[in-house]
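Reading the structure
Chain by chain, the residues:
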Amino acid sequence: MGPSTVTIISGTISAVSRHLGLDVGGTNLKWAVIERDAEPRLLKTGRLPTDTRGGEQSVVRQLLDVAQSIFSEVEGIESVGVGMPGVLDPAAGVTRFIPNIPGQWDGVQVTGEMTGAVKKPARLINDARAFALAEHGLGSGRGATSMLGITLGTGVGGGLILGGRLYLGHEGTAGEFGHQTILPDGPRCNCGNQGCLEALARADAIAAACGQPSVEESVVAARAGDRRAQQGFRDVGRYLGIGASNVVVLVSVDRIVIGGGVAAAGETLLEPIRQEIRRRVHVTDVERIRVVCGELGTWAGAIGAALHGSA
Ligand SMILES: [Zn+2]
């Protein structure tokens, strides 16, 4: 089999191509191979613990090793996408600031090393942008013209699909949903600003607002009728809803897809977000904007990285 397989469907010729996506986190390295012709689909996935013993060097070494072994196992892969959490320089293929993976990440060349290892083009993408791409291509964002993807977990990430394409802005950082100011004099954020949405809606802030040790326990408490936990979710949902309303007013998305560990809270969090959007947005028909959870779960980041690499 060559680099791309040609399949004949109902008399039309369609080139099927394969693309690898790697999703590097502080705990796991996940990968996915997608196949695409008219529609992308998932072919194969895998995961292993991230090797952080030697900081950024062992992480990058492991990325290259994993990619090479998948290339030897799966024929016809044409590109590689690498998704990482944090601030990246996607044009240069270099990492800038990755707080949740041990190592000195400022200026680490990832895509050049990858291309050297597998002899195929490689691209770098922020993990939340990868989530948005994946949910738009294969998940609950399918069919949306414009979509906001939100990831809720240790931090608050985002990605914007505008006119059917991922929007990255002039330096590749567009979509940083979590670092918009919500409270002018609010709590200090890790980015240096005060009152960012992330400082109010990341996992530990939600647990604190609910008076529980973790988000999981906050969900259980809220569902069992605990008043403080219910109020905590209303408050956090309100902040997220204000952030989402700002995005709706500015760029008029028709779908908002929420993922990440905290999305397991489901309607407990989604309903306050919808209520806030109804309260705040008066320039477009809010009943036509769907606020939903992601469908792809743990593989969204790797799938999105593969899609980005294939673009
Ligand atoms: Zn911030």
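Our structure is the block above this text.
What comes next is a walk through the structure. Here the residue numbering is sequential within each chain, running from 1 through the sequence in written order. Two thresholds apply to this predicted model, a pLDDT of at least 70 for residue-level local features and 80 or more for giving and counting side-chain atom pairs, whereas whole-chain, interface and lining totals are computed over all residues. Hydrogens are left out, water is left out, and the side-chain values use all remaining heavy atoms of the structure.

**Re the pairing of strand S10 (residues 147-152)**
Relative accessibility under 20% of the residue-type maximum defines a buried residue, over 50% an exposed one, and the middle range a partly exposed one, all with a 1.4 Å probe and only protein chains included. Helical segments are the DSSP runs of H or I of at least four residues, strand segments are the runs of E of at least two, and each set is numbered from the N terminus. Counting buried residues in S10 gives six out of six residues, a clear majority hidden from the surface. The alternating pattern of S10 places Met-147, Gly-149 and Thr-151 and Leu-148, Ile-150 and Leu-152 on opposite faces, both of which are buried. When DSSP finds at least two bridges between two strands, those strands are taken to pair. Where S10 meets strand S11 (residues 156-162), six bridges bridge the pair, whose relative direction is antiparallel. The residue of S11 that forms the bridge with Thr-151 is Gly-157.

**Overview of unusual backbone geometry**
Among all residues save glycine, negative phi is the norm, and among peptide bonds the norm is trans. Its identity is not glycine, yet Lys-119 carries a phi of approximately 60 degrees, on the positive side. Despite not being glycine, Ser-252 has its phi angle at roughly 55 degrees, a positive value. Relative to the helices and strands, Ser-252 resides in the loop between helix H7 (227-251) and strand S13 (255-259).

**Structural notes on the environment of Arg-274**
Tracing the backbone through its elements, the reader meets Arg-274 in helix H8 (residues 267-280). Linking Arg-274 and Gly-83, residues 191 residues apart in sequence, is a C-alpha distance of 29 Å. Any two residues whose heavy atoms approach within 4.5 Å are treated as being in contact. Once residues within four sequence positions are removed from consideration, Arg-274 is found in contact with Glu-267 and Val-291.

**Some thoughts on the sheet that holds S11**
Sheet architecture is open: five strands sit in the order S12-S11-S10-S13-S14, paired in mixed fashion. Because the sheet does not close on itself, it has two edges, and the strands there are strand S12 (165-167) and strand S14 (290-293). Between one strand axis and the next, the sheet turns by 25 degrees as a mean value, whatever way the strands run. An axis is simply a line fitted to the C-alpha atoms; with a helix, the fit covers only the stretch in contact. Between two such axes, the angle follows the N-to-C directions and lies from 0 to 180 degrees.

**Overview of the packing of helix H3 (residues 127-138) against helix H9 (residues 300-310)**
For the pair H3 and H9, interaxial distance at closest approach is 7 Å and the crossing angle is 85 degrees. One finds that H3 runs roughly perpendicular with respect to H9. The residues of H9 that touch H3, namely those facing Ala-130, Phe-131, Leu-133, Ala-134, Glu-135 and Leu-138, are Ala-300, Gly-301, Ile-303, Gly-304, Ala-305, Leu-307 and His-308. Of the residues contributing to the contact of H3 with H9, the split by class is nine nonpolar, three polar and one charged. An angle counts as roughly parallel when it lies under 35 degrees, as roughly antiparallel when it exceeds 145, as roughly perpendicular when it falls between 65 and 115, and as oblique in every other case. Following the grouping adopted for this structure description, the nonpolar residues are Ala, Val, Leu, Ile, Met, Phe, Trp, Tyr, Cys and Pro, the charged ones are Asp, Glu, Lys and Arg, and the polar ones are all others, Gly among them.

**Thoughts on empty space enclosed by the protein**
Rolled over the atoms, a probe with the dimensions of a water molecule shows which regions are left empty. Of the two site types, the cavity is a set of points on a 1 Å grid over the protein atoms alone where a 1.4 Å probe fits but cannot get out, and the pocket is an open set with protein on both sides within 12 Å along at least five of seven lines, each lined by residues with an atom within 4 Å of a point. Grid points are joined across faces, edges and corners, and a volume is the space filled by probe spheres set on the points. Counted according to the given criterion, the structure contains two cavities of 30 Å³ or more. Here the largest cavity is characterised by a volume of approximately 70 Å³. Along its surface, the largest cavity is lined by Gly-86, Val-87, Leu-88, Pro-90, Leu-124, Ile-125, Asn-126, Arg-129, Leu-168, Gly-172, Thr-173 and His-308. Within the residue set of the lining of the largest cavity, elements represented by two or more residues are strand S6 (87-89) and strand S9 (122-126). Ranked by residues supplied to the lining of the largest cavity, first place goes to S9 with three residues. Per-domain counts for the lining of the largest cavity show at least three residues from each of domain 1 (5-130 + 299-310) and domain 2 (142-294). By convention here, the domain bounds are inherited from an automatic or database domain assignment.

**Let's talk about the coordination of the zinc ion**
Here the zinc ion is held by the protein donor atoms His-179 (ND1), Cys-189 (SG), Cys-191 (SG) and Cys-196 (SG), which lie 2.0 to 2.4 Å from it. Coordinating donors are taken to be N, O and S atoms lying within 2.8 Å of the metal, or within 3.2 Å when the metal is Na, K or Ca; because water is excluded from the atom set, some sites may appear incomplete. Sites are called tetrahedral only when four donors show all angles between 85 and 135 degrees, square planar or octahedral only when four or six donors show opposite pairs over 155 degrees and all other angles between 65 and 115, and irregular in any remaining case. Angles of 104 to 120 degrees at the metal separate the four donor atoms of the zinc ion, which places the site in the tetrahedral class. Written as a sequence motif, the donor residues of the zinc ion are H-x9-C-x1-C-x4-C. On the criterion of sequence distance, the pair formed by His-179 in the loop between S12 and helix H4 (197-201) and Cys-196 in the loop between S12 and H4 is long-range, its members being 17 residues apart. Taking relative accessible area as the criterion, Cys-196 reaches 0% and is therefore assigned buried.

In short, shape yes, function no, at least from these values alone.
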